[in-house]
Amino acid sequence: MSSRDTILQRLRNRSGGELVIPDCDFSVLQRPSSSVAERIDQFEKTIESVHGEVHRCTRESWIARLADILSCRGARNLLVPAAHQIGRALRDSGRGDLPELLIYDEPIGSWQPHLFNEVDASITSTRGGIAETGSLILWPTPDEPRLMSLVPPIHIAVLEASGLYSTFHEAMQEQNWASGMPTNALLVSGPSKTADIEQTLAYGVHGPKELIVLVVE
């Protein structure tokens, strides 16, 4: 018996009879259809309102744009995935204007001080984006663990324009999240921020100080 079945059975036992689960109407979450260009415009406007940064590029130009971004910030190194095509493309590019490329290919315990103190930037893929909220969808994997997007002061995310959805509900429906989810699904909207201290909003306190999104059109 699955965890869901166990919970439902307990509810049935408490009610003394059959548990009736009402049908849910999600039409309130639907939005009028929009073009890819309209979704990009809305995503850019929304995420930049909370200090995110968006760069529009093509499949041929994103590495050059990335090199410019890192050079302007004086980044000494970039943490890249080992197996994902993003990491492979960067390693195979042969560009001399990229910083040192690092790979997260060993247990965190063996290089934790280096990750927390010496890595300047990281780059990850995304599962998609949500235009309405200016959010990125990240599903951490062993190749792109959560710490890659959480620890370095600069997080660069690559977002395919075709993977940009109008709403969270649309993303879940189109990607069929009900069929299986990771243990840690993430929605990222801007760099880290907190208002715990005197209710004053501060950025970069417990996570990346900068979130840079490369939208590949």
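Residues numbered from 1 in each chain as written. Predicted model: local features only at pLDDT ≥ 70, side-chain atom pairs only at ≥ 80, totals over all residues. Heavy atoms only, no water.

1. Regarding the overall build of the protein
Threshold: In DSSP terms, a helix is any run of H or I states spanning at least four residues, a strand is any run of E spanning at least two, and both are numbered starting from the N terminus. When a residue's accessible area, from a 1.4 Å probe over protein chains only, is under 20% of the maximum for its type it is buried; when over 50% it is exposed; and in between it is partly exposed. We call two residues contacting when some pair of their heavy atoms lies within 4.5 Å. Areas reported as accessible are Shrake-Rupley estimates using a 1.4 Å probe. Residue values count occlusion only from the protein chains shown. Working convention for charge: Lys and Arg count positive, Asp and Glu count negative, and His plus the chain ends are omitted. In plain terms, the charge of a residue is placed at NZ if it is Lys, CZ if Arg, CG if Asp and CD if Glu.
Counting its secondary structure elements, the protein contains seven helices and 12 strands. Burial statistics for the protein: of 217 residues in total, 40% are counted as buried. Considering only contacts within the protein whose residues lie at least 6 apart along the sequence, 71% involve residues at least 24 apart. Total accessible area on the protein is roughly 12300 Å²; 51% of this is exposed by carbon and sulfur atoms. For the protein, the separation between the mean place of its 19 positive charges and that of its 28 negative charges on side chains is 4 Å.

2. Observations regarding the packing of helix α3 (residues 62-72) against helix α4 (residues 85-92)
This is how it is decided: Note on definitions: angles span 0 to 180 degrees between N-to-C directions of axes, and those axes are lines fitted to C-alpha atoms, for helices only across the stretch in contact. Note on angle classes: values under 35 degrees are labelled roughly parallel, values over 145 roughly antiparallel, values of 65 to 115 roughly perpendicular, and the remainder oblique.
Interaxial distance between α3 and α4 falls to 11 Å at its minimum, and their mutual angle equals 75 degrees. Considering the angle they form, α3 stands roughly perpendicular to α4. Two secondary-structure elements touch here, α3 through W62, I63 and L66 and α4 through I86, A89 and L90.

3. Things to note about the packing of aromatic side chains
The test is simple: Each pair of aromatic rings taken from Phe, Tyr and Trp, with Trp reduced to its six-membered ring, is defined by centres within 6.5 Å and is described as stacked if the planes are under 30 degrees apart, edge-to-face if over 60, and tilted in the remaining cases.
With the rule as written, the count across this model stands at three aromatic pairs. A centroid spacing of 5.2 Å and a plane angle of 75 degrees characterise the contact between Y104 and W111, whose relative ring orientation is edge-to-face. Each member of the pair, Y104 as well as W111, carries the same accessibility label: buried. Measuring from ring centre to ring centre gives 5.6 Å for F168 and W177, while their planes differ by 75 degrees; the resulting arrangement is edge-to-face. Assessed through its relative accessible area of 33%, F168 is described here as partly exposed.

4. A word on unusual backbone geometry
If you check the backbone angles, H51 has positive phi at about 75 degrees while not being a glycine. By the element assignment, H51 lies in the loop between α2 (36-48) and β1 (53-57). Even without being glycine, N176 reaches a positive phi, approximately 55 degrees.

5. Some thoughts on α4
Counted only if it meets this: What the arc measures is the spread of directions leading from the helix axis to the C-beta atoms.
Taken together, the buried positions of α4 are I86, G87 and L90. Angularly, the buried residues of α4 cover 95 degrees about the axis, an arc narrow enough to put them on a single face. In this structure, the buried residues of α4 make contact with α3, β2 (77-80), β3 (100-103), β4 (121-125) and β7 (154-160). Where α4 terminates, the next one or two residues include G94, which has phi positive at roughly 70 degrees.

6. Focus on the side chain of E44
Cut-off, in case you're wondering: The term polar contact refers here to a pair of N or O atoms within 3.5 Å; inside protein, the definition further demands a hydrogen-donor-capable atom paired with an acceptor-capable atom, and it admits residues adjacent in sequence only when both atoms are side-chain atoms.
Along the chain, the position of E44 falls in helix α2. E44 sits in the buried class, given a relative accessible area of 18%. Reaching out from E44, the side chain makes a polar contact with the side chain of R56 at a distance of 2.7 Å. Apart from residues lying up to four places away in sequence, E44 is in contact with V54 and R56.

7. Some points on the nonpolar core
Let me state the cut-off plainly: Take the buried Ala, Val, Leu, Ile, Met, Phe, Trp, Tyr and Cys residues and link them wherever side-chain atoms come within 4.5 Å; each set so joined is a nonpolar core.
Grouped together as the largest cluster of nonpolar side chains are 21 residues, with contacts concentrated most on W62, L66, L78, L90, I123, I156 and L214. Top element by residues in this core is α3. It accounts for six residues. The contact partners of L214, leaving out residues within four places of it in the chain, are H55, C57, W62, R65, L66, I69, I156, A157, V158 and L159. The next biggest cluster of nonpolar side chains, apart from the first, holds 16 residues, and it includes I40, I47, L138 and A161.

8. Brief notes about the pattern of salt bridges
Quick note on the threshold: Take a side-chain nitrogen of Lys or Arg and a carboxyl oxygen of Asp or Glu: if they are within 4 Å of each other, that pair is a salt bridge.
Applying the stated criterion across every chain yields a total of seven salt bridges. Note that D41 and R56 form a salt bridge whose closest N and O atoms lie 2.5 Å from each other. Remark: R56 occurs in strand β1 and D41 occurs in helix α2; sequence separation between them is 15 residues. On the accessibility criterion, D41 (42% relative accessible area) is partly exposed. Among the salt bridges present, the one from E53 reaches R73, with a minimum N-O distance of 2.8 Å. Taken together, the positions of E53 in strand β1 and R73 in the loop between α3 and β2 put the pair 20 residues apart, joining distant regions of the chain. We classify E53 as partly exposed; its relative accessible area is 24%. On the accessibility criterion, R73 (29% relative accessible area) is partly exposed.

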